[in-house]
Amino acid sequence: MLDIISTTTTNSPKIFGLVHFIVLFVFIVLTILVCVFLRKTNSKQHQIILIVVASVLIIFEILKQILLIYDSGNYEYDWQHLPLQPCSALMYSLLFVAITCNFKKFEKFNEWIYAFIAIYGFFSGISAIVMPSAIFNTSYVFLLYQSVQHHMLLALTAIYLFVRGNVSLKLKTFFKAFCVFLFWCLLGFILNLILYAITGNAEINLMYMGPYTIWEIPLVSSFLEINNIYIYIPFYLAIYSAMALLSMYVYLGIEKLVLLINNKIKKSRQPNQNNYNKSLNENKQTKTFTTRKFF
């Protein structure tokens, strides 16, 4: 298995290269299919979909961790690779809601989890698909596939939750999502302190929350450099959340476009159906007339 997942390539994909365009095409096609065919799933189908998606994400994350341990050369775990970044938090949230979605006592609580998966998941997923510089930055073929698949599934799951009606495009929904995001960030910050005290590794930076390492903020760091952790953390929370909020309206545009295409397809089929029904009625009338004449 290690031989398979440790396969490397000397020709990593490039942004807006052939592989990137294939990924974008596949995402667009799957988005249309989700919007058209998964709007009215029942509770059982809904849980199956969530369980399958969560299971795929976790299985490939485990394989990724195995590869990272193998790549270290000494088969020791590097705690900076602990999977607790925004996209990992979405994966755990998805697993939780997949297990509990049909339990009444979790119904209200899961509204907050759904909001987080839909709003932050859509932004996290689609931003990585549109600008995949970070996920293309590896020579391992498996990691390339795993990263693309992970972010695509997050975005598609978010779209699915929107079109099914589990999440509505309201500011109240965004507030619920933001609270869940804050929880994961607080957990990441606490774990960073604990792991630094144990390992002394200042590179451990779960959920981008420092406090010993400051990473770039996607898109923002290209224009603004922040070296103070007390400025960085609130700025990161605000910018990441603002981008997630704006992405809700990107989704709204996608849904309207897909519905427009779907409605046009239905209208184009309707005249043919009407002609078919008219033909059936005429045949019935002819048969009735002929029968009466015979007797």
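For the structure, check the block above.
Residues numbered from 1 in each chain as written. Predicted model: local features only at pLDDT ≥ 70, side-chain atom pairs only at ≥ 80, totals over all residues. Heavy atoms only, no water.

Participant: Account for the overall build of the protein chain, naming residues and giving values.
Facilitator: For the protein chain, the count of helices and strands is 8 helices and 0 strands. Shown N-terminal to C-terminal, the secondary structure of the protein chain runs as helices and strands in the order α-α-α-α-α-α-α-α. Here the protein chain holds 295 residues, and 41% of them are scored as buried. (Helix = DSSP H or I, 4+ residues; strand = E, 2+ residues; numbered from the N terminus. Buried < 20%, exposed > 50% of the residue type's maximum accessible area, 1.4 Å probe, protein only.)

Participant: Can you tell me about the side chain of Thr213, naming the residues and giving the values?
Facilitator: Relative to the helices and strands, Thr213 is located in the loop between helix H7 (171-199) and helix H8 (229-294). For Thr213, a relative accessible area of 9% puts it in the buried group. In this structure, Thr213 is in contact with Ala202, Glu203 and Asn205, ignoring residues within four places of it in sequence. (Contact = heavy atoms within 4.5 Å.)

Participant: Kindly report on the pattern of salt bridges, identifying the contributing residues and their values.
Facilitator: Evaluated as defined, the whole model comprises 2 salt bridges. Lys104 is the partner of Glu107 in a salt bridge, and the nearest nitrogen-oxygen pair spans 3.7 Å. Here Glu107 falls in the partly exposed class, since its relative accessible area comes to 41%. (Salt bridge = Lys/Arg side-chain N within 4 Å of Asp/Glu carboxyl O.)

Participant: Talk me through the nonpolar core; I want residue IDs and the actual numbers.
Facilitator: Within the largest apolar cluster, 70 residues are counted, with the highest numbers of intra-cluster contacts made by Phe116, Tyr120, Phe181 and Tyr236. Secondary-structure elements contributing two or more residues to this core are helix H2 (18-37), helix H3 (43-71), helix H4 (86-100), helix H5 (107-130), helix H6 (141-164), H7 and H8. Among the nonpolar cores identified, the runner-up in size contains 7 residues, and Phe60, Leu63, Phe142 and Leu143 belong to it. (Core = buried A, V, L, I, M, F, W, Y, C linked by side-chain atoms within 4.5 Å.)

Participant: Hey, could you go over the packing of H3 against H6 for me, with residue numbers and the actual values?
Facilitator: The contact between H3 and H6 brings their axes to 10 Å, and the two run at 160°. In this view, H3 runs roughly antiparallel relative to H6, as classed from their interaxial angle. When you trace H3 past H6, the crossing you get is left-handed. Touching Ser43, His46, Ile49, Leu50, Val53, Val56, Leu57, Phe60, Glu61, Leu63, Lys64 and Leu67 of H3 are Phe142, Leu143, Tyr145, Gln146, Gln149, His150, Leu153, Leu154, Thr157, Tyr160, Leu161 and Arg164, all from H6. Classifying every residue of the contact of H3 with H6 gives 15 nonpolar, 6 polar and 3 charged. (Axes fitted to C-alpha atoms, helices over the stretch in contact; angles between N-to-C directions. Parallel < 35°, antiparallel > 145°, perpendicular 65-115°, else oblique. Left-handed = near helix turned anticlockwise from the far one by under 90°. Nonpolar A, V, L, I, M, F, W, Y, C, P; charged D, E, K, R; others polar.)

Participant: Provide a residue-level description of the packing of aromatic side chains, including the pertinent values.
Facilitator: Counted under the stated rule, the structure contains 22 aromatic pairs. Ring centres 5.7 Å apart and planes at 85° place the aromatic pair Phe96 and Phe109 in the edge-to-face group. Here Phe96, found in helix H4, pairs with Phe109, found in helix H5; they are 13 residues apart in sequence, far enough to count as distant. A relative accessible area of 45% means that Phe109 is categorised as partly exposed. Linked through ring pairs, Phe116, Tyr120, Phe123, Phe181, Tyr208, Trp215, Tyr232, Tyr236 and Tyr240 together constitute an aromatic cluster. (Phe/Tyr/Trp six-rings, centres within 6.5 Å; stacked < 30°, edge-to-face > 60°.)

Participant: Go over the environment of Asn205 with me, naming the residues and quoting the values.
Facilitator: Mapped onto the elements, Asn205 comes out in the loop between H7 and H8. C-alpha separation for the pair Asn205 and Gly188, spaced 17 residues apart in sequence, amounts to 7.8 Å. Once you skip the residues sitting within four places of it in the chain, Asn205 turns out to touch Gln85, Asn192, Gly210, Thr213 and Trp215. A polar atom in the side chain of Asn205 sits 3.2 Å from the backbone nitrogen of Met209. (Polar contact = N/O pair within 3.5 Å; in protein donor to acceptor, adjacent residues only side chain to side chain.)

Participant: Mind laying out the packing of H2 against H5, listing which residues take part and the relevant values?
Facilitator: In contact at an axis separation of 9 Å, H2 and H5 are set at 145° when each is read in the N-to-C sense. Within the contact between the two elements, H2 uses His20, Val23, Leu24 and Phe27 and H5 uses Ile126, Ile129 and Val130. Looking at the contact of H2 with H5 residue by residue, the classes come out as 6 nonpolar, 1 polar and no charged.

Participant: Describe in detail a nonpolar patch on the surface, supporting the description with residues and values.
Facilitator: On the surface, Leu18, Ile22, Phe25, Val26, Val29, Leu30, Leu33 and Phe37 cluster together to form a nonpolar patch covering roughly 770 Å² of accessible area. Among the secondary structure elements, Ile22 is positioned in helix H2. (Patch = residues over 30% accessible without salt bridge, like charges linked within 9 Å, V, L, I, M, F, W, Y side chains within 5 Å. Areas by Shrake-Rupley, 256 points an atom, 1.4 Å probe, with all protein chains shown as cover.)

Participant: With reference to specific residues and values, describe H4.
Facilitator: Compared with the 21 Å implied by 1.5 Å per residue over 15 residues, the 21 Å span of H4 between its first and last C-alpha is a close match. With respect to burial, H4 is a largely interior element, 11 of its 15 residues being buried. The set of residues buried in H4 consists of Pro86, Cys87, Ser88, Ala89, Leu90, Met91, Ser93, Leu94, Val97, Ala98 and Thr100. (Expected span 1.5 Å × (residues − 1).)

Participant: Tell me about the side chain of Ser247, and please be specific about residues and values.
Facilitator: Secondary-structure assignment places Ser247 in helix H8. Among the residues examined, Ser247 registers a relative accessible area of 6% and is labelled buried. Within polar-contact distance, the side chain of Ser247 engages the backbone oxygen of Ala244 at 2.5 Å. Each residue touching Ser247, except ones within four places of it in the same chain, is listed here: Ile119, Phe122 and Phe123.

Participant: Provide a residue-level description of the environment of Val130, including the pertinent values.
Facilitator: Relative to the elements of secondary structure, Val130 occurs in helix H5. The exposure class of Val130 is partly exposed, given its relative accessible area of 37%. Note: C-alpha distance between Val130 and Phe16 (114 residues apart in sequence) is 8.9 Å. Here Val130 is in contact with Phe16, His20 and Leu24, once residues within four sequence places are set aside.

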